[in-house]
Amino acid sequence: MQEIKIPLDWPNLSELERDYILKALESGYVSSAGPLVREFEQRFAAYLGISHAVAVVNGTAGLHLALKLLGIGPGDEVIVPALTFIATVNPVVYVGARPVVVDVDPRTWNIDPAAIERAITKHTRAIIPVHLYGNPADMDAILGLAREYGLYVIEDATEALGSTYKGKKAGTFGHIGVFSFNGNKIITTGGGGMLVTEDPELARRARILVNQGREPGESEYEHKEIGFNYRLTNLQAALGLAQLERLPEFLAIKRRNAALYRRELRSISGIGWQEETPGAESNWWLFSITIDEEEYGTGRQELMKRLHDQGIQVRPLFKPLFRQPCYHGYAFNLCPVADELYQKGINLPSASFLTVEDINVVARALKSGAC
């Protein structure tokens, strides 16, 4: 196997993370009962400028909880974008609802508001916009549709921590927002996620559902409803607190590197990239490009192989939902924009510890066709 010299997006860890982990170990609290979980929730909510944050075991669990909290289930339809990681749509199926897949905008790669409106029926209950690769969706248009048709909005902000739309943090526009702290996200807890909301009742019920349906602090093992073991651990929260402190550093590096990519790749015929939504500032979680084989002279698959041979880790864009084998039995819409982006798209190295020279190495490889 070729040694990876320039990784796609690995965790950025330091002595600060070590210090927080040791603090958690020395406290004796390592599971979900530890005090650092609540501290992490409070600091996370403060960073976003939102009232409530509830830590969860991962982003998928957060989306599942969001749908449960809003009462979405059998007979309901939920609109999702075709171009996203499969964890956006799986929770819709978990609750027995029907996912409705719609196409994306060819410039921003995010869910197309016009496609959302065409897909709304009397059974539609919610929209899950995804801020793909950190680029916020067109939230003004999406919220306008939600108000007009009486729909819930659940933001899949799992890739968008630190991104903004018209000066407001991504994940804070909808009824519920969900973040992920997987190992490749902009901050990590080695897994984990966060559900956020302005609604105190939704937050209260979320704390019960993540705790097996039991009120926090309840000592008699009385479970008011059927819940889940979706709690974050104290050790994970310790890592999250350290990472959250370093988030401004990570954002600055990712935005600098995205600007370098745009500058260096602008002159290469056949290469395009995801454009920021008007009014948005992406965290550029993964800087991603498209390859026009006819103009560039090399196709996506061959280029990826050549880059890998040089130790440059890249990957294709997410396979559209209607092409996923596990959903072949579902009547999903064919989405030509998402399909074309997938056929042409590549995620480039975007880790928050990459240097200017690392980005220049990748750019030179792309300029040479990775020969």
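Everything discussed here concerns the structure shown above.
Residues numbered from 1 in each chain as written. Predicted model: local features only at pLDDT ≥ 70, side-chain atom pairs only at ≥ 80, totals over all residues. Heavy atoms only, no water.

Helix length check: helix α8 (residues 234–265) (32 residues) gives 43 Å between terminal C-alpha atoms against 46 Å at 1.5 Å per residue, within 8%. Taken as a whole, α8 carries its principal kink of about 50 degrees at Arg246; the proline Pro248 stands between one and four residues after it. (Helix = DSSP H or I, 4+ residues; strand = E, 2+ residues; numbered from the N terminus. Expected span 1.5 Å × (residues − 1). Bend = angle between axes of the 7 residues up to and from the residue.)

Turning our eyes to something else, we now look at the sheet that holds strand β13 (residues 315–316). Within the open sheet, the four strands sit side by side as β10-β12-β14-β13. Their pairing is antiparallel. Both edges of this open sheet fall to β10 (271–273) and β13, since each of them pairs with a single strand only. Summarising the sheet, β10 and strand β12 (residues 288–291) pair through three bridges and their orientation is antiparallel. Bridge pairing in β12 places Ile271 opposite Ile291. (Pairing = 2+ DSSP bridges.)

Next up on the list: the packing of helix α2 (residues 35–48) against α8. Look at α2 against α8: their axes get within 7 Å of each other, and the N-to-C directions meet at 25 degrees. Comparing their axes, α8 and α2 come out roughly parallel. When you trace α2 past α8, the crossing you get is left-handed. Residue-level inspection shows Pro35, Leu36, Val37, Glu39, Phe40, Arg43, Phe44 and Tyr47 of α2 in contact with α8, the latter providing Asn234, Ala237, Ala238, Gly240, Leu241, Leu244, Glu245, Leu247 and Leu251. Residues of the contact of α2 with α8, tallied by class, amount to twelve nonpolar, two polar and three charged. (Axes fitted to C-alpha atoms, helices over the stretch in contact; angles between N-to-C directions. Parallel < 35°, antiparallel > 145°, perpendicular 65-115°, else oblique. Left-handed = near helix turned anticlockwise from the far one by under 90°. Contact = heavy atoms within 4.5 Å. Nonpolar A, V, L, I, M, F, W, Y, C, P; charged D, E, K, R; others polar.)

Moving on, we come to the packing of α8 against helix α12 (residues 356–367). With their axes 10 Å apart at the nearest point, α8 and α12 run at an angle of 30 degrees to one another. As far as their axial angle goes, α12 and α8 are roughly parallel. Crossing of α8 over α12 shows right-handed handedness. Touching Arg256, Asn257, Leu260, Tyr261, Glu264 and Leu265 of α8 are Val356, Ile359, Asn360, Val362, Ala363, Leu366 and Lys367, all from α12. Grouping the amino acids of the contact of α8 with α12 by side-chain chemistry returns eight nonpolar, two polar and three charged.

All of the buried residues in helix α11 (residues 336–344) are Ala338, Asp339, Leu341 and Tyr342. Looking straight down α11, one finds that the buried residues subtend no more than 165 degrees of arc, so they occupy a single side. The inward-facing, buried residues of α11 abut β12, α10 (300–309) and β14 (345–347). (Buried < 20%, exposed > 50% of the residue type's maximum accessible area, 1.4 Å probe, protein only. Arc of directions from axis to C-beta.)

Right, let's get into empty space enclosed by the protein. One pass over the structure, following the stated rule, counts two cavities of 30 Å³ or more. Here the largest cavity defines a volume of roughly 40 Å³. Lining of the largest cavity is provided by Asp9, Trp10, Pro11, Asn12, Lys185, Ile186, Thr188, Gln243, Phe250, Lys254 and Ser352. Here the residues of the lining of the largest cavity sort into four nonpolar, four polar and three charged. (1 Å grid on protein atoms, 1.4 Å probe; cavity = no way out; pocket = protein on both sides within 12 Å on 5 of 7 lines; lining within 4 Å. Points joined across faces, edges and corners; volume = space filled by probe spheres on them.)

Turning to the side chain of Thr189, a few remarks are in order. Among the structural elements, Thr189 can be located in the loop between β8 (176–180) and β9 (193–197). A relative accessible area of 3% places Thr189 in the buried class. Once residues within four sequence positions are removed from consideration, Thr189 is found in contact with Phe40, Phe181, Leu232, Gln236, Leu239 and Gly240.

Another aspect to go through is a nonpolar patch on the surface. Taken together, the side chains of Ile4, Trp10 and Phe353 present a nonpolar region at the surface, about 260 Å² in accessible area. Considering the arrangement of structural elements, one finds Phe353 in the loop between β14 and α12. (Patch = residues over 30% accessible without salt bridge, like charges linked within 9 Å, V, L, I, M, F, W, Y side chains within 5 Å. Areas by Shrake-Rupley, 256 points an atom, 1.4 Å probe, with all protein chains shown as cover. Salt bridge = Lys/Arg side-chain N within 4 Å of Asp/Glu carboxyl O.)

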